[in-house]
Amino acid sequence: MIQKFYKKKKQYRNLIYGFVWLAMVFLKFIFNPGYSLRWVDCVWLVLAVLQFGLYFLEHKLAYVTIEDHVLSKYAPFPKRMNINDIVEIKKYSTNYILRSDSKEIKINPDYIKDADLAKLNSFLNGLSVKIT
């Protein structure tokens, strides 16, 4: 069983930030013909590249994936947890916290589409663990 949950809005926000930071550097060159590259401009370029990389990473991978009894959260630093190891699920309005004996995964429901969030909630409610 493979289920992927994600929201495109967050991905496009990263893409827009990347273009804005890239535009900040290039607009300096367009409006100031004698402008030379400074260290601050290099920082803006690095931030733009990081935002583009984050966009492509999120575009390729879903935010939360459930497959082969493993729940995976793909963010800049991915986390994995076996579904059988989940001991407790805490549902807050801003976060879902899934706990096992050794790990903890926080899932932000704002990053998930409404239809997919309903699927994720039904999956989590179907688990025989303590839900608070």
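Residues numbered from 1 in each chain as written. Predicted model: local features only at pLDDT ≥ 70, side-chain atom pairs only at ≥ 80, totals over all residues. Heavy atoms only, no water.

Novice: Can you break down the side chain of Glu88 residue by residue, with the values?
Specialist: Examined against the element boundaries, Glu88 turns out to sit in strand 5 (residues 88–91). Residues contacting Glu88, with those up to four places away along its chain left out, are Ile97, Leu98, Arg99, Lys130 and Thr132. (Helix = DSSP H or I, 4+ residues; strand = E, 2+ residues; numbered from the N terminus. Contact = heavy atoms within 4.5 Å.)

Novice: I'd love a proper account of the sheet that holds strand 7 (residues 104–107), names of residues and values included.
Specialist: With mixed pairing, four strands are arranged side by side in an open sheet as 7-6-5-8. Each edge of the sheet is formed by a strand with only one pairing partner; in this case those strands are strand 7 and strand 8 (130–131). Bridge count for strand 5 against strand 8 is two bridges, and the pairing is parallel. Paired with Ile89 across the strands is Ile131, a residue of strand 8. (Pairing = 2+ DSSP bridges.)

Novice: So, helix 1 (residues 8–31): which residues are in play, and what are the values?
Specialist: Think of an α-helix as 3.6 residues a turn; residues three or four steps apart then line up on the same face. Compared with an ideal rise of 1.5 Å per residue, which puts 24 residues at 34 Å, helix 1 spans 34 Å between its outermost C-alpha atoms and is within 8% of the ideal. Of all the bends in helix 1, the largest measures some 25° and sits at Met24. The complete set of buried residues in helix 1 reads Lys10, Gln11, Asn14, Leu15, Gly18 and Val25. Along its buried surface, helix 1 packs onto helix 2 (39–60). (Expected span 1.5 Å × (residues − 1). Bend = angle between axes of the 7 residues up to and from the residue. Buried < 20%, exposed > 50% of the residue type's maximum accessible area, 1.4 Å probe, protein only.)

Novice: Please provide a residue-by-residue account of the side chain of Lys73, values included.
Specialist: Position of Lys73 among the secondary structure elements: in strand 3 (residues 70–73). Glu104 provides the closest opposite charge to the buried, salt-bridge-free Lys73, at an N-O distance of 9.5 Å. Within polar-contact distance, the side chain of Lys73 engages the backbone oxygen of Lys106 at 2.7 Å. Setting aside anything within four residues of it in sequence, one finds Lys73 in contact with Tyr63, Pro78, Lys79, Ile105 and Lys106. (Lys, Arg positive; Asp, Glu negative; His and termini not counted. Salt bridge = Lys/Arg side-chain N within 4 Å of Asp/Glu carboxyl O. Polar contact = N/O pair within 3.5 Å; in protein donor to acceptor, adjacent residues only side chain to side chain.)

Novice: I'd like a rundown of the environment of Asp41, residues and numbers included.
Specialist: Along the chain, Asp41 falls in helix 2. Exposure remark for Asp41: the relative accessible area of 0% places this residue in the buried category. Remark: the alpha-carbon pair of Asp41 and Lys28, spanning 13 residues in sequence, is separated by 9.2 Å. If we ignore the near neighbours within four places in the chain, the residues touching Asp41 are Val25, Lys28, Tyr35 and Ser36.

Novice: Can you lay out the pattern of salt bridges for me, pointing to particular residues and giving the numbers?
Specialist: Under the defined criterion, the tally for this structure stands at four salt bridges. Among the ionic pairs, Glu88 bridges to Arg99, the shortest N-O distance being 4.0 Å. Here Arg99 lies in strand 6 (residues 96–99) and Glu88 lies in strand 5, a separation of 11 residues in the sequence. Classification of Glu88 by relative accessible area gives buried; the value is 17%. Close ionic contact of Glu104 with Arg99 constitutes a salt bridge, the shortest N to O distance being 2.7 Å. On the accessibility criterion, Glu104 (34% relative accessible area) is partly exposed. One network of salt bridges, in which partners are shared, links Glu88, Arg99 and Glu104.

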